Amino acid sequence: MTVQDLTAQKEFVPVHVGKTADREITKTFCCDLLSIAMGKAPEGCAWITVMANMNTLAVASLADAACIVLAEDVHLDETALQKAAEQDISVFETKLPIFEAALLVYRKINGE
Amino acid sequence: MADIITLRYTVSPDDFTRAGEASSDVKNKLKQLGIAPPVIRKVSIALYEGEINMVIHAKGGEITVEVSPESIRMVLADVGPGIPDISLAMKEGYSTAPDEIRSLGFGAGMGLSNMKKYTDYMDIQTELGIGTTITMIVNVT
Ligand SMILES: Nc1ncnc2c1ncn2[C@@H]1O[C@H](COP(=O)(O)OP(=O)(O)OP(=O)(O)O)[C@@H](O)[C@H]1O
Ligand SMILES: [Mg+2]
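(A) Structural context of the side chain of Thr94 of chain A. Residues and elements named next belong to chain A. Mapped onto the fold, Thr94 is located in strand β5 (residues 91–94). In this structure Thr94 comes out as buried when scored by relative accessible area, which is 4%. Within the structure, the side chain of Thr94 is placed 3.1 Å from the backbone nitrogen of Leu96, a separation counted as a polar contact. Those residues in contact with Thr94 that lie beyond four places of it in its chain are Glu11, Phe12, Val69, Leu70, Ala71, Glu72, Asp73 and Ala101.

(B) Here's a closer look at the nonpolar core. In terms of nonpolar packing, the biggest core is built from 63 residues, with Trp47 of chain A together with Ile63, Val65, Ile72 and Met74 of chain B touching the most fellow members. By residue number, the principal contributor to this core is helix α2 (residues 37–56) of chain B, which donates 11 residues. For Trp47 of chain A, the contacting residues outside a window of four places in its chain are Phe29, Cys31, Leu34, Ala37, Thr56, Val59, Ala60, Cys67, Ile68 and Val69 of chain A. Listed in part, the 18 residues of the second largest apolar core include Met1, Val69, Phe92 and Leu104 of chain A.

(C) Quick peek at the pattern of salt bridges. Residue and element names in this part refer to chain A. Inspection of every chain in the model, using the stated rule, returns five salt bridges over all chains. Here Glu11 and Lys10 are joined by a salt bridge, their closest N and O atoms 3.3 Å apart. Residue Glu11 is classed as partly exposed on the basis of its relative accessible area, which comes to 25%. Lys10 sits in the exposed class, given a relative accessible area of 74%. Residues Glu112 and Arg107 are paired through a salt bridge, measuring 3.4 Å at the closest nitrogen-oxygen approach. A relative accessible area of 41% places Arg107 in the partly exposed class.

What counts as what
Residues numbered from 1 in each chain as written. Chains lettered and ligands numbered in written order. Predicted model: local features only at pLDDT ≥ 70, side-chain atom pairs only at ≥ 80, totals over all residues. Heavy atoms only, no water. Helix = DSSP H or I, 4+ residues; strand = E, 2+ residues; numbered from the N terminus. Buried < 20%, exposed > 50% of the residue type's maximum accessible area, 1.4 Å probe, protein only. Polar contact = N/O pair within 3.5 Å; in protein donor to acceptor, adjacent residues only side chain to side chain. Contact = heavy atoms within 4.5 Å. Core = buried A, V, L, I, M, F, W, Y, C linked by side-chain atoms within 4.5 Å. Salt bridge = Lys/Arg side-chain N within 4 Å of Asp/Glu carboxyl O.

Structure, rendered in structure tokens:
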């Protein structure tokens, strides 16, 4: 399943879907502490978190996640939105709790 | 080998909106230089943790990155308080990050361990009240 495929999911609102949207999502990863995510997030994962700030974007980009899914109806502020666009980092928002958002991505990855 | 490329950055203190800019720039430059993606990822992770620590725990400083065909060498020199007990600081979970920093998602006490884990060499020189200089090397080959 690619990042682009997630846009078809009605629960997920695309905030920025980058030029690299054809990228395959390899795994699901959940964590809100940045340096744990930095050390453990698998390359190409969908990273589900409630931590919505500039640093989340930096970590996703540097650890090479495929996209960020912001759960629990949290939002990026205006500067962070700009940065997501500038750095072409794919970000989705959802009202779902972290577990349910992750489960949904997980099921999609496994073709359920 | 003669062709060493040197990149230099100044890290400003207490600027969280800009923190990570040096690491992002290094990542882009390494990409342009055609460095292998797994090497870029290691450098990016280690450098970001070090850069953020310079902002959170010190008063900013200077980052120098030397790219040679064999390795990428990063030197992070800050003008902060120094680290009183390096082995304690290196422990996973140990953090002195204040609450307002923790609310941004920092403070797991994993930064220095990530730096160690993702590099082939790491050295910390520190002097209380003067600052800390961390050298890290990631082998290219
Ligand atoms: N450059 C530095 N100058 C002074 N103290 C530092 C420096 N870098 C790290 N430290 C000390 O070492 C501790 C551990 O650092 P480490 O990066 O592992 O965790 P952290 O920054 O507290 O949290 P995080 O998991 O978000 O990185 C810090 O809390 C701080 O006390
Ligand atoms: Mg740290």
